[in-house]
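# A look at the structure
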Amino acid sequence: MNCNILRRDGLVLSRSFYDRPTLDVARDLLGRRLVCAGGGTQRAGRIVEAEAYIGPEDLACHASRGRTPRTEVMFGPPGYAYVYIVYGMHHCLNAVTEREGFPAAVLIRALEPEAGLDSRTDGPGRLCRALAIDRSFNGADLTGPRLFVEAGDRPASTPIAEELVASGSRVGVGYAGEWADKPWRFWLKGNRWVSRLKR
DNA sequence: ACCGTGATAATCT
DNA sequence: GATTATCACGGTG
């Protein structure tokens with residue numbers, strides 16, 4: 001039995017982790033360990049890239065188009081998964097952040113493979129395919145048994161050291177006017193698993 | 001650089 | 001119900 005991929009409750013990030021400013025959560029998710037226990041298999045990887053989508057004003061955030069069936073979970077409490085399909089074929093995984101009623105989330109963009117992964121995990125669509133994350137995970141409790149995040153390589157209460165983090169503009173949001181230029185994409189500096197590393 | 005692909009939501013009839 | 005515009009991507013060349 002591989003103990004490395006078993007859930008250890010004390011190490012799972014609690015709801016309060018997500019109930020914070022989205023930029024803080026996005027940075028602090030780097031280095032954490034995402035575990036998916038769906039389909040009888042445990043798959044896990046270290047988060048190395050993430051993007052923040054923040055509130056109704058952010059034109060790159062789906063919630064800026066209003067509260068719809070698709071975006072409903074973003075308006076709910078923090079610590080739940082927002083999973084949607086883009087371009088008709090790719091699933092994307094987000095962690096809902098901030099207080100209930102304020103729509104915001106962090107898009108998980110890339111993982112460094114750790115367990116049970118046999119296809120690429122650089123990119124939000126590929127990551128979901130590798131972990132077998134589909135729409136059935138939309139609204140899943142990230143503090144629950146199916147899909148969760150462990151503290152990873154540092155204590156849950158310790159933010160990541162700033163010198164390890166690089167930031168830049170978010171991918172694929174050129175339509176969002178001034179919001180497209182916000183440096184709300186974060187990745188582990190120099191990590192080989194980061195998608196489309198631009199600098 | 002190019003473009004397939006189909007869900008989503010708004011805008012019609 | 002039908003039509004249309006849009007798209008938080010990825011594979012190919």
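The coordinates are above.
Notes on the structure follow. (Residues numbered from 1 in each chain as written. Chains lettered and ligands numbered in written order. Predicted model: local features only at pLDDT ≥ 70, side-chain atom pairs only at ≥ 80, totals over all residues. Heavy atoms only, no water.)

Another point: the state of the cysteines. Going through the model one piece at a time under the given rule, you end up with zero disulfides. Cysteine C36 is unpaired, with the sulfur of C128 as its nearest cysteine sulfur at 9.0 Å. Since its relative accessible area comes to 1%, C36 is described here as buried. By relative accessible area, which is 1% here, C128 ends up buried. (Disulfide = S-S within 2.5 Å. Buried < 20%, exposed > 50% of the residue type's maximum accessible area, 1.4 Å probe, protein only.)

Think of an α-helix as turning once every 3.6 residues; residues three or four places apart then point the same way. Of all the eight residues making up helix α4 (residues 124–131), six are buried; the element is thus mostly covered by neighbouring parts of the structure. Within α4, the full set of buried residues consists of P124, G125, L127, C128, A130 and L131. Residues of α4 that are buried in the fold lie against β1 (33–36), β2 (43–54), β4 (90–96) and β5 (104–115). Just downstream of α4 lies A132, where phi reads positive at about 60 degrees. (Helix = DSSP H or I, 4+ residues; strand = E, 2+ residues; numbered from the N terminus. Contact = heavy atoms within 4.5 Å.)

Close contacts around DNA strand C come from 21 residues, with Y84, N94, G125, R126 and Y175 the closest. The side chain of N94 places a nitrogen or oxygen atom 2.5 Å from a base nitrogen of DNA strand C. Contact between DNA strand C and P124: a phosphate oxygen at 3.5 Å from a main-chain N or O atom of the residue. Every element with two or more residues in the surface near DNA strand C is listed here: β3 (81–86), β4, β5 and α4. Considering each element in turn, the surface near DNA strand C owes the most residues, four residues, to α4. (Near = heavy atom within 4 Å. Polar contact = N/O pair within 3.5 Å; in protein donor to acceptor, adjacent residues only side chain to side chain.)

The environment of DNA strand B is formed by R65, T68, P69, R70, Y87, G88 and M89. Near the protein, within 4 Å, the atoms of DNA strand B are sugar or phosphate in 64% of cases. A distance of 3.3 Å separates a base nitrogen of DNA strand B from a polar atom in the backbone of Y87. Between G88 and DNA strand B, the recorded distance is 3.1 Å, taken from a backbone N or O atom to a base nitrogen. Its residues assigned to classes, the surface near DNA strand B comprises three nonpolar, two polar and two charged. (Nonpolar A, V, L, I, M, F, W, Y, C, P; charged D, E, K, R; others polar.)

As a further point, take the side chain of T22. Residue placement: T22 occurs in helix α2 (residues 22–29). Within polar-contact distance, the side chain of T22 engages the side chain of T97 at 2.7 Å. Not counting the four nearest positions on each side in its chain, T22 is found in contact with A52, Y53, I54, T97, E98, A104, A105 and V106.

Bringing the pattern of salt bridges into the picture now. What the rule picks out here adds up to 17 salt bridges. Where D58 meets R170, a salt bridge forms, and the shortest distance between an N and an O atom there is 2.8 Å. Here R170 lies in the loop between β7 (165–168) and β8 (185–188) and D58 lies in the loop between β2 and α3 (72–75), a separation of 112 residues in the sequence. Since its relative accessible area comes to 0%, D58 is described here as buried. Note on R170: relative accessible area 4%, which makes it buried. (Salt bridge = Lys/Arg side-chain N within 4 Å of Asp/Glu carboxyl O.)

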